[in-house]
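# Summary of structural features
As a plain string of letters, each chain reads:
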Amino acid sequence: MVSPSTYFSSQITLIAIFFFFSENFAFTTTARTSGGSFTKIYAFGDSFTDTGNTRSASGPNGFRHVSNPPYGSTFFHHPTNRYSDGRLVIDFVAETLSLPYLPPYLGHRGEAPHGINFAVAGSTAINHAFFVRNNLLFDMTPQSIQTQMIWFNKFLESQGCRGAVSSSPECKAVLDDALIWVGEIGVNDYAYTVGSFVSSDIVRKLAIASVTGFLQTLLKKGVKNIVVQGLPPTGCLPLAMALAAVDDRDDLGCVKSANNQSYTHTVVYQKTVEDLRKQFPDAVITYLDYWNAYAMVMKNPEKYGFKEPFMACCGSGGPPYNFDVFSTCGSAEANIACPNPSQYINWDGVHLTEAMYKLLSRMFLSGKFSHPPFVSLTGRKQHD
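Remember, it's a predicted structure, so these values are computed and weren't measured experimentally.

### Considering the overall build of the protein chain
- Of the regular secondary structure elements, the protein chain holds 12 helices and 6 strands.
- Taken over 384 residues, the protein chain has a buried fraction of 54%.
- Across the protein chain, every contact between residues at least 6 apart in sequence was considered, and the portion connecting residues at least 24 apart equals 71%.

### Considering the sheet that holds strand E6 (residues 370–371)
- The sheet built from 6 strands is open, its strands ordered E2-E1-E3-E4-E5-E6 with mixed pairing. The open sheet has two edge strands with one neighbour each: strand E2 (115–117) and E6.
- Of the pairings in the sheet, the one linking strand E4 (residues 225–229) to strand E5 (residues 284–288) comprises 5 bridges and is parallel in character. Looking at the pairing, Val-227 lines up with Thr-286 of E5.

### Looking at the state of the cysteines
- Summed over the entire model, instances satisfying the criterion amount to 4 disulfides.
- With its sulfur 2.1 Å from that of its partner, Cys-236 forms a disulfide with Cys-254. For the disulfide bridge between Cys-236 and Cys-254, the dihedral angle about the S-S bond is near 95°, and by the sign convention the bridge is right-handed. Remark: Cys-254 occurs in the loop between helix H8 (238–243) and helix H9 (256–279) and Cys-236 occurs in the loop between E4 and H8; sequence separation between them is 18 residues.
- Owing to a relative accessible area of 1%, Cys-236 belongs among the buried residues under this scheme.
- Assessed through its relative accessible area of 0%, Cys-254 is described here as buried.
- Across a sulfur-sulfur distance of 2.0 Å, Cys-313 and Cys-338 are joined as a disulfide pair.

### Regarding the packing of aromatic side chains
- The tally for this structure, following the rule as stated, stands at 22 aromatic pairs.
- Summarising the aromatic geometry, the rings of Phe-44 and Phe-118 are spaced 5.2 Å apart at their centres and angled 10° between planes, so their arrangement reads as stacked. Of this pair, Phe-44 sits in strand E1 (residues 40–44) while Phe-118 sits in the loop between E2 and helix H3 (128–133); the two residues are 74 residues apart in sequence, bridging distant segments of the chain.
- Its relative accessible area of 0% is what places Phe-118 among the buried residues.
- Here Phe-118 and Phe-152 contribute two aromatic rings whose centre-to-centre distance is 5.5 Å and whose plane-to-plane angle is 80°, an arrangement assigned as edge-to-face. Placement of the pair is Phe-118 in the loop between E2 and H3 and Phe-152 in helix H4 (residues 145–158), with a sequence separation of 34 residues. In this structure, Phe-118 and Phe-152 share a single accessibility class: buried.
- In textbook terms, an aromatic cluster arises when at least three aromatic residues are bridged by ring pairs, as seen for Tyr-42, Phe-44, Tyr-105, Phe-118, Trp-151, Phe-152, Phe-155 and Phe-214.
- The residue whose ring lies beneath Arg-82 is Tyr-101, and the NZ or CZ to ring-centre distance is 5.9 Å.

### Let's talk about the pairing of E4
- Most of E4 is tucked away: 5 of the 5 residues are buried.
- In E4, alternate side chains face the same way, and those of Asn-225, Val-227 and Gln-229 on one face and Ile-226 and Val-228 on the other are all buried.

### Considering the pattern of salt bridges
- A full pass over the atoms with the stated rule returns 6 salt bridges.
- Of the charged contacts in the structure, one is a salt bridge between Asp-201 and Arg-204, with a shortest N-O distance of 2.7 Å. Taken as a pair, Asp-201 and Arg-204 lie in helix H7 (residues 200–220) at a separation of 3 residues, close to a single helical turn.
- Look at Arg-204 and you get buried, because its relative accessible area is 16%.
- Where Asp-275 meets Lys-271, a salt bridge forms, and the shortest distance between an N and an O atom there is 3.0 Å.

### Structural notes on the layout of surface pockets
- The volume enclosed by the largest pocket comes to roughly 1200 Å³.
- Around the largest pocket, the lining comprises 42 residues; the ones closest to its centre are Ala-191, Tyr-192, Val-194, Leu-239 and Leu-243.
- For the lining of the largest pocket, the secondary structure elements donating two or more residues are helix H6 (187–192), H8 and H9.
- The element contributing the most residues to the lining of the largest pocket is H6, with 5 residues.
- Its residues assigned to classes, the lining of the largest pocket shows 24 nonpolar, 13 polar and 5 charged.

### Description of a nonpolar patch on the surface
- On the surface, a nonpolar cluster with roughly 230 Å² of combined accessible area is contributed by Tyr-263, Val-267 and Val-268.
- If you trace the backbone, Tyr-263 turns up in helix H9.

### What to know about the nonpolar core
- Ranked by internal contacts, the top residues of the largest apolar core, which has 62 residues, are Ile-41, Leu-179, Trp-181, Tyr-294, Leu-352, Met-356 and Leu-360.
- Among the secondary structure elements, those contributing two or more residues to this core are E1, helix H2 (89–96), strand E3 (178–182), H8, E5, helix H10 (290–299), helix H11 (354–365) and helix H12 (374–383).
- Among all residues touching Leu-179, those that are not within four sequence positions of it are Phe-38, Lys-40, Ile-41, Tyr-42, Val-93, Leu-97, Asn-225, Val-227, Phe-374 and Leu-377.

About the cut-offs
Residues numbered from 1 in each chain as written. Predicted model: local features only at pLDDT ≥ 70, side-chain atom pairs only at ≥ 80, totals over all residues. Heavy atoms only, no water. Helix = DSSP H or I, 4+ residues; strand = E, 2+ residues; numbered from the N terminus. Buried < 20%, exposed > 50% of the residue type's maximum accessible area, 1.4 Å probe, protein only. Contact = heavy atoms within 4.5 Å. Pairing = 2+ DSSP bridges. Disulfide = S-S within 2.5 Å. Phe/Tyr/Trp six-rings, centres within 6.5 Å; stacked < 30°, edge-to-face > 60°. Lys NZ or Arg CZ within 6 Å of the ring centre and 35° of its normal. Salt bridge = Lys/Arg side-chain N within 4 Å of Asp/Glu carboxyl O. 1 Å grid on protein atoms, 1.4 Å probe; cavity = no way out; pocket = protein on both sides within 12 Å on 5 of 7 lines; lining within 4 Å. Points joined across faces, edges and corners; volume = space filled by probe spheres on them. Nonpolar A, V, L, I, M, F, W, Y, C, P; charged D, E, K, R; others polar. Patch = residues over 30% accessible without salt bridge, like charges linked within 9 Å, V, L, I, M, F, W, Y side chains within 5 Å. Areas by Shrake-Rupley, 256 points an atom, 1.4 Å probe, with all protein chains shown as cover. Core = buried A, V, L, I, M, F, W, Y, C linked by side-chain atoms within 4.5 Å.

Listed below in structure tokens is the structure:
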């Protein structure tokens, strides 16, 4: 006869197994049903999406070691100029759609049958000229989202697609069956203005206006399927934790002032996306709630397999954050990376581990933090 304790223990185990497979079934089903719906991806954004447009010589100040080990050590087993130990969200999206990893635009020659990546580490939403006028040029990356639009237009022209709006066969060949992925953009705008007279309200207004114009330009070109990411809770990054006052903390244990800033940005940006949907009813614009997805992990990191929510895996200085802005990951002064990056949320003080990017990808693609759900976007594409 089975004892009550054994019975309930077995039931709990079965329930746990059920939820594990339910969650993974939803993700793998998305992968299967998404395959073949899009034949190419064009990606934009900053270092969270950059697959190689910057290298050590051109990277943002403080992280100019991306071409050095141990970057890329987990999956590719060598540096790929991605700011992580392995794959990014955009890489997992490509895998889900059964497409190759996106090549970076810079240095790429010829056709790009499965898409291309225009994202640049350190880039801003606001045009570079704004920072020039306000003397905010301390070794910052000169590219912005406008730069990436210029590159995109040059790429379109190289494929025979010319003009702001065109229905030519050449344009249709490039844009049809394409998913436009606009990754996180705007964090650097706030970072570059820290300590200046430029208020966060001004940054938010100008950054969102710039990205809105960028999205409108894409939609006017006839793009029908766009995914946009909001900002993460920037106050949870080791860089912010190491530099902020110890009494500046919120209920996540992160920097309250920084998280309030990124949260406010996220709320306004979501409203802007809603307005764009009304302006372009024939297009599908899926919003990825980066802030709340990341925050959910921070509330219970152990649930997702993370033992170190605040400490960088690769860096210097040791606990509690293992981050020194003058000795970042990949530099000669930095310590060797932690032995198990999958137990860390953060990789180098700002950028995330492959394990965290993989988890966020699952949260986005399963529909829990995408509005409307990503699977509905791919489903509509298959129907069309």
